[in-house]
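Summary of the model geometry
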Amino acid sequence: MENTAPILSIKGYGKTYGEGKRAADNVSLTVERGDIFGFIGHNGAGKSTTIRAVVGVLDFTEGEILIDGHSVKNDPMACKRITAYIPDNPDLYDNLTGIQYLNFIADVFGIGASEREASFRKYADMFEITESLGDLIGSYSHGMKQKVALVSALIHKPKLMVLDEPFVGLDPKAAFTLKEIMHEMCKEGSAVFFSTHVLDVAEKLCNKVAIIKKGRIIASGTMEELTEGRSLEEVFLEGVDEK
Amino acid sequence: MKSKSPVLLKALLLSTSLFNKYKYCKDKKKKGKIAGGCIAYFFLYAMLVFYAFATCVGYGRLGIIETVPGICALTISLLSFLFTFFKTNGYLFNFKEYDMLMALPFSPSTVAACKFSYMYIKSLPMYLVISLSVMAGYGMYAKPGFMTYPLWILLSLFVPVIPMLIAAFIGFLITKVSAGFKLKKLVQTILTFVFVIFCFSLRFMIEGIFRNDKVEDVLTAAAEGIDKACGIYLPAGWFTAAVTKSSLSDSLLLVGISLVLFELVFLIVGKNYRQINSALSSHDASGDYHMTSQKAGSVVNAVAFKEFRRMMGSTNYLVNVGMGVILAAIFGIVVLIFGFENVIQKVTQNAPLDGEMLIPAIPFIIYFFIGMMSTAACSPSLEGKNYWIVQSLPIDKKVLYRGKMLFNMYLTLPFSVFSTLCLCISAHVSPVGTVLALVLGIALCAFSTAWGCVCGIRFIKLEWENEIEVIKQGKATMIYMFPNMFINMGLIVLMVVLGKMLDHNLLTAGMILIVTLLAALSYLRAMSLAKKS
């Protein structure tokens, strides 16, 4: 039977740091298959805290996060098998070559030799890094590292791709390629959930958006519902400036 | 997911493999450095082989070769325990690729177990070099049966496992407790200090237990001491029984308990892994700062303050550079309470030394602790990926390194003065002698700072995965620490010998001149290296 559960469902998620500082407060949102979901907010608004909890990196006690119907808290392995995550500043192993790193990730996901080769070729060519894959990651620029991280995230065909500020550091062509890949993934029934500060990108790329301010979702919905003819920038600034 | 462990372990090993780096590195200068590092390792291992073998020859000639397997097991156990304990925070917890690994389909216990196995495999060559050298020496003198050799080789792989697991588990408990506090790093540092100081005291407590026996013969005493230690620390006893009596049951006990303990430890650690790492990676931010009046300061002081914040932000850094000064202060207080003479008798195990003889060596005794580590030796490398900040700022490199040196002086000087004063008061040193001892202590701090800075700049390593690589295992730290420590021990002896022939004040004054000259030369060298860097 086909799974009809949303690909990502966050229900009442909350996270408190130290002596009562609320980094996330009753965050709830739903990402359906085929969605490109933009998560926007100021610096320190709680975007990364939420994203890290979604991908099972950050422990949390309040609320529930489900990926394709599996609980991140109770069944993290099932969630991770169908998710790909790229942090804002990917820390890869500097002393591995690009191809060694990709093979490591492919081994983790149990991808066969011919399948992985085809994926490596496809995505490395798209991001124009094939020629550099034999070099040590330590010798790569920030953008190159990000491209390797992106290729590694795509090779296991994730149902949900979670990205934290994916366009920072990418050259214009790579940014365009990534947007194309996002569209392609969504056409095939996967979903993308990403945080960004670049409102123009979010407006053009996403079909759904949530705005987070001081750990609380202040607006969420389809782009049309949210903007009602105005620009996303206007909606965002109006929302975050409200006391 | 257990089947994924080899995949992760392989990636972890490959990511720090010098061979892999050499093979794919295109920079000839870097390749040369890697080759140089390998040669340095070769010499280090050659020294270990020589030392371990020479020890066996000594024991063989003294006719107590039967104690050698026990000594071997105890030495490896102690080394593996200490090395693992100091590496737990940084390798097992709070490592930088935590997010990347935990987002992959690995269970927390798999990640923790692989990280532990990585530590084990990386340190195994050192333990094997010691063990197999001792085995060769033991074979030469004890002429054991054939079965001893395969058993020795096999069990050498397991001897470090239990102490490493115990150290990792204690590290885990400390991290777990401190993760519950707002000031996690401070609590973690304090608990680590307390545990290390407890371990130091334990040495004297255990020694006290052995002393109760009235054994007249020194050699018999040593042999019985090792037997007792093997009786207290059972795995060493199992190893000894296995290799000397070819005991299968003892071999199975060592292997079996190691494996069971491994499973048990990582079952417990795995259950708490995400919670602890989440707590460690979360930073409490009050967000309620209000702009107040600010103060302008000198660049050198600004760099020194930056170094202070860097130290306070890292448990590993704080424990490593703070251990010496804290121990110096504790030693000073202990001497003040129990008396110089009594403490010296206890530490030197009733050697024919009296307090008077050791008075000229007081500044060097204190320097043994104070000079253990110099922040200036590892702080250049600790800049790591942040090096661009100081590189892009309009700071002369000389000023930058002066700031780093100033911080080491701020850190060591008060402790040196305090501890030297405590010892001088307790030993009833004359006022002139006390002043001279204080000045010599200050000169030694200056030397430690400048020499540390020379090593730090000369062997700077900005590319590292984990700060432990530069704090504990960096070339700069090693080259600063070991000659400094051994020469200082020699100087303590020299001061005692010269103190019998010369006036103490004259001797100390002479030393002040020599140490000041060495400090000045080191400072000039550091400045010259800074200019070139």
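A quick note: this is a predicted structure, and the numbers were derived from the prediction, not measured.

1. A few points about the packing of helix α7 (residues 148-156) of chain B against helix α11 (residues 234-245) of chain B
Residues and elements named next belong to chain B. Interhelical geometry of α7 versus α11 gives an angle of 155° and a closest axis separation of 8 Å. Taken together, the axes of α7 and α11 are roughly antiparallel relative to one another. Counted together, T148, L151, W152 and L155 of α7 and F239, A242 and V243 of α11 form the full contact between these two elements. Of the residues in the contact of α7 with α11, the class split is 6 nonpolar, 1 polar and no charged.

2. Notes on the pairing of strand β9 (residues 208-213) of chain A
Residues and elements named next belong to chain A. Within β9, 5 of the 6 residues are buried, which leaves it mostly tucked inside the rest of the structure. Two strands pair when backbone bridges link them, and strand β3 (residues 36-41) and β9 are joined in this way by 5 bridges, in the parallel orientation. Paired with F37 across the two strands is K208, which belongs to β9. Looking at chain direction, β9 and strand β10 (residues 216-222) are connected through 6 bridges and run antiparallel. Of the residues in β10, the one forming a bridge with I211 is A219. The loop that links β9 with its antiparallel partner β10 comprises 2 residues; one of these, K214, has a positive phi angle of about 45°.

3. Digging into the nonpolar core
Core analysis: the biggest nonpolar cluster contains 186 residues, and V151(A), F193(A) and A450(B) have the highest contact counts within it. Here the element with the most residues in this core is helix α21 (residues 431-458) of chain B; it accounts for 15 residues. Setting aside residues up to four positions removed in sequence, F193(A) forms contacts with L8(A), V31(A), F37(A), F39(A), L160(A) and V162(A). Counting residues in hydrophobic clusters, the runner-up holds 28 residues, among them I65(B), V68(B), L155(B) and W238(B).

4. So, the interface of chain B and chain A
Interface size is commonly expressed as the accessible surface area that is lost when the partners come together. Taken together, the contact pairs 31 residues of chain B with 30 residues of chain A. Of all the secondary structure elements, the ones that give two or more residues to the side of chain B that touches chain A are α1 (5-15), α2 (18-24), α5 (98-102) and α12 (248-281) of chain B. Counting residues per element, the side of chain B that touches chain A draws most heavily on α1(B), which supplies 4 residues. Partitioned by chemical class, the residues of the side of chain B that touches chain A number 12 nonpolar, 9 polar and 10 charged.

5. A closer look at the sheet that holds β9(A)
All names here are of chain A. One open sheet holds the 6 strands; their spatial order is β6-β7-β8-β3-β9-β10, and the pairing between them is mixed. Two strands close off the open sheet at either side, each with one partner strand: β6 (83-86) and β10. Within the sheet, the average angular offset between the axes of one strand and its neighbour, ignoring direction, is 15°. Where β6 meets strand β7 (residues 160-164), 4 bridges bridge the pair, whose relative direction is parallel. Pairing of T83 across the sheet is with L160, part of β7. The strands touched by helix α1 (residues 47-54) are β3, β7, β8 (191-196) and β9; relative to β7, the strand with the most contacts, the crossing angle is about 150°. Contacts between helix α5 (residues 142-154) and the sheet are confined to β6 and β7, with β6 contributing the most and set at about 175° to the helix.

6. Thoughts on the domain arrangement of chain A
All names here are of chain A. The domains assigned to chain A are domain 1 (1-82 + 158-243) and domain 2 (94-157). Look at where the C-alpha atoms of domain 1 and domain 2 centre, and you get two points 25 Å apart. Every contact between the two is made by 9 residues of domain 1 and, on the other side, 11 residues of domain 2. When residues of the side of domain 1 that touches domain 2 are assigned to their parent elements, the largest contribution, 4 residues, is made by helix α6 (residues 172-187). Each residue belonging to the side of domain 1 that touches domain 2 can be placed in one class, and the counts come to 6 nonpolar, 2 polar and 1 charged.

Cut-offs applied
Residues numbered from 1 in each chain as written. Chains lettered and ligands numbered in written order. Predicted model: local features only at pLDDT ≥ 70, side-chain atom pairs only at ≥ 80, totals over all residues. Axes fitted to C-alpha atoms, helices over the stretch in contact; angles between N-to-C directions. Helix = DSSP H or I, 4+ residues; strand = E, 2+ residues; numbered from the N terminus. Parallel < 35°, antiparallel > 145°, perpendicular 65-115°, else oblique. Contact = placed C-beta atoms within 7 Å. Nonpolar A, V, L, I, M, F, W, Y, C, P; charged D, E, K, R; others polar. Buried ≥ 20, exposed ≤ 12 C-beta atoms within 10 Å, placed from the backbone. Pairing = 2+ DSSP bridges. Core = buried A, V, L, I, M, F, W, Y, C linked by C-beta atoms within 7 Å. Domains from an automatic or database assignment.

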